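Summary of the model geometry
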Amino acid sequence: MLLDCELRRGNLQMERFLESLKKLLEVISAVVLLFMFVGVIITVVCRELFKIPVAWSEDLIQLSFILMTFIGSAAIMKDESHIKVTILMDYLSEGLQKVFRIIGRLLMISFFVMFVIGAYQNMQFNWIVGFPTASWVKIGYMYLVLFISGIISIFYLCVNIYYDIFSKKHCSFESRR
């Protein structure tokens, strides 16, 4: 009984941590989206009203888009909110669905491991290389974002595998709420 309570308390702490991490990633994505919006407005106003092209803003907007996409993607990995086609999975028993979910996640982890390794290597190689129009922004920063989002995605995939193995319920967004 005591062990069961400790496990529940540990799971509750883990859930709080996972939810806090997800909220942080969502806030970062929202701030970056706001930055992108303001950047596009500034670019258009400068180009159309003042006839002054702002070349560096396009590079920063591009970097912001990459950051928002990959950080946002890592955030929704927790709840498995990505688009998916489940037409075949719906016909399988709960046990087979669990097996295929675990296999799918293991395949995704193998992809993300290669992704993280590649991002790390490119981050090291491009750490001092600046964007052509904004040399103070290094291309390595972009690969750092890819590296971090890959690590977070692997972490969430491992947590979801843990929940699938040790939980009676499926660990998708609907069942954890």
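Refer to the structure printed above.
Structure report, in brief. Sequence order as written defines the numbering, with residues in each chain counted from 1. Residues qualify for local features only when their pLDDT is at least 70, as the model is predicted, and side-chain atom pairs are given and counted only at 80 or more; totals for whole chains, interfaces and linings, by contrast, use all residues. Hydrogen atoms and water are omitted, and side-chain values are computed over all heavy atoms in the structure.

The subject of this paragraph is the overall build of the chain. Secondary structure assignment for the chain yields five helices and zero strands. In the chain, the succession of helices and strands from N to C terminus is α-α-α-α-α. Relative accessibility under 20% of the residue-type maximum defines a buried residue, over 50% an exposed one, and the middle range a partly exposed one, all with a 1.4 Å probe and only protein chains included. Taking all 177 residues of the chain together, the buried fraction comes to 34%. Of the accessible surface of the chain, which amounts to about 11,600 Å², a share of 74% is contributed by carbon and sulfur atoms. Put simply, DSSP marks the helices as runs of H or I at least four residues long and the strands as runs of E at least two long, and each gets a number from the N terminus on. Surface accessibility follows the Shrake-Rupley procedure with a 1.4 Å probe radius. Residue values consider only the protein chains on display as shielding.

Like-charged residues within 9 Å of one another, or nonpolar side chains (Val, Leu, Ile, Met, Phe, Trp, Tyr) within 5 Å, are grouped into patches, provided each residue has over 30% relative accessible area and no salt bridge. Salt bridge criterion: a side-chain nitrogen from Lys or Arg within 4 Å of a carboxyl oxygen from Asp or Glu. On the surface, Leu34, Phe37, Val38, Ile41, Ile42, Val45, Leu49, Phe50 and Ile52 cluster together into a nonpolar patch covering about 870 Å² of accessible area. Of note, Ile42 is situated in helix α1 (residues 2–48).

The next point concerns the environment of Thr43. Residue placement: Thr43 occurs in helix α1. With relative accessibility at 6%, the residue Thr43 sits in the buried group. Separated by 12 residues in sequence, Thr43 and Ala55 have C-alpha atoms that sit 8.3 Å apart. Residues in contact with Thr43, not counting those within four places in the same chain, are Ser57, Glu58 and Ile61. We call two residues in contact when some of their heavy atoms are within 4.5 Å.

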